[in-house]
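# Structural features, examined
What follows is each chain in one-letter form.
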Amino acid sequence: MNATTPHDALRSRNLRVTAIRLAILEVLGKHRHVGADQVLSLVRTKLGTASVQAVYDALHALAAAALINEIEPAGHPARYELRVGDNHHHLICRTCGRIEDVDCAIGASPCLTPSSTHGFVINQAEVTYWGTCAACAGTQPQSS
């Protein structure tokens, strides 16, 4: 978030400041790559109550406003993070689902140049690296 406070961030995107939206931003500030169910649980812990629909609606509104990033790894539930606007990528463990951020390796956004744009104006490249984390592979990282 570029704004100084979560309140400012919401207002800068013309979103109403609600307890659930503020709680989600706080949760994502403390936990990276969190699934919606965990967000719901953590928001309920903070607020005492929150409906499933309200949390899902808030997650979608925050993602649509580019205040949070929704990661949708194939075969896994969506995850959410505060890191937005920098065209970073992700490492995902095939065994446990752990996700780690990877900065763009070369150049500015997008860091990959396709052989053809098919008339698209490209503003982001998304790369997902799949593998096995060190914990799942034993203690030695695997190179392939």
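Check the entry above for the structure.
Residues numbered from 1 in each chain as written. Predicted model: local features only at pLDDT ≥ 70, side-chain atom pairs only at ≥ 80, totals over all residues. Heavy atoms only, no water.

Time to look at the overall build of the chain. The helix and strand inventory of the chain stands at 4 helices and 6 strands. Seen in sequence order, the chain has helices and strands lined up from the N terminus as α-α-β-α-α-β-β-β-β-β. Residues classed as buried in the chain amount to 32% of the 144 residues present. Put simply, of all contacts in the chain between residues at least 6 apart along the chain, 44% involve residues at least 24 apart. (Helix = DSSP H or I, 4+ residues; strand = E, 2+ residues; numbered from the N terminus. Buried < 20%, exposed > 50% of the residue type's maximum accessible area, 1.4 Å probe, protein only. Contact = heavy atoms within 4.5 Å.)

In contact at an axis separation of 10 Å, helix α3 (residues 36-47) and helix α4 (residues 52-64) are set at 115° when each is read in the N-to-C sense. The crossing of α3 and α4 is right-handed. In this structure, α3 uses Ala36, Asp37, Val39, Leu40, Val43 and Arg44 to contact α4, whose residues at the interface are Val52, Val55, Tyr56 and Leu59. Of the residues belonging to the contact of α3 with α4, the class tally is 8 nonpolar, no polar and 2 charged. (Axes fitted to C-alpha atoms, helices over the stretch in contact; angles between N-to-C directions. Left-handed = near helix turned anticlockwise from the far one by under 90°. Nonpolar A, V, L, I, M, F, W, Y, C, P; charged D, E, K, R; others polar.)

Let's shift gears to the sheet that holds strand β6 (residues 128-131). Spatial ordering of the open sheet is given by β5-β4-β6, a layout of 3 strands whose pairing is mixed. Each edge of the open sheet carries a strand with a single partner, namely β5 (99-102) and β6. For this sheet the average axis-to-axis angle between neighbouring strands, irrespective of direction, equals 25°. Direction of pairing for strand β4 (residues 89-93) relative to β5: antiparallel, over a ladder of 4 bridges. Across the sheet, residue Ile92 finds its bridge partner in β5, namely Ile99. (Pairing = 2+ DSSP bridges.)

With that out of the way, let us pick up the nonpolar core. Core analysis: the largest hydrophobic core is formed by 24 residues, its most contacted members being Ile24 and Val55. For this core, the secondary-structure elements that each account for two or more residues are α1 (6-12), α2 (19-30), α3 and α4. In this structure Val55 touches Ile20, Ile24, Val39, Leu40, Val43 and Ala50, once residues within four positions along its chain are discounted. (Core = buried A, V, L, I, M, F, W, Y, C linked by side-chain atoms within 4.5 Å.)

We now examine the environment of His33. Along the polypeptide, His33 turns up in the loop between α2 and β1 (34-35). Residue His33 is classed as buried on the basis of its relative accessible area of 6%. The residues touching His33, leaving out its near neighbours within four places in the chain, are Ile71, Arg79, Tyr80, Glu81, His90, Ile99, Glu100 and Asp101. Within the local environment of His33, its side chain forms a polar contact with the side chain of Glu81, the two groups lying 2.9 Å apart. (Polar contact = N/O pair within 3.5 Å; in protein donor to acceptor, adjacent residues only side chain to side chain.)

Our focus in this paragraph is the packing of α2 against α3. For the pair α2 and α3, the least separation of the axes is 9 Å and the interaxial angle reads 115°. Seen from above, α2 lies across α3 with right-handed handedness. Across the interface between the two elements, Ala19, Ile20, Ala23, Ile24, Glu26, Val27 and Leu28 of α2 pack against Val39, Leu42, Val43, Lys46 and Leu47 of α3. For the contact of α2 with α3, a count of residues per class yields 10 nonpolar, no polar and 2 charged.

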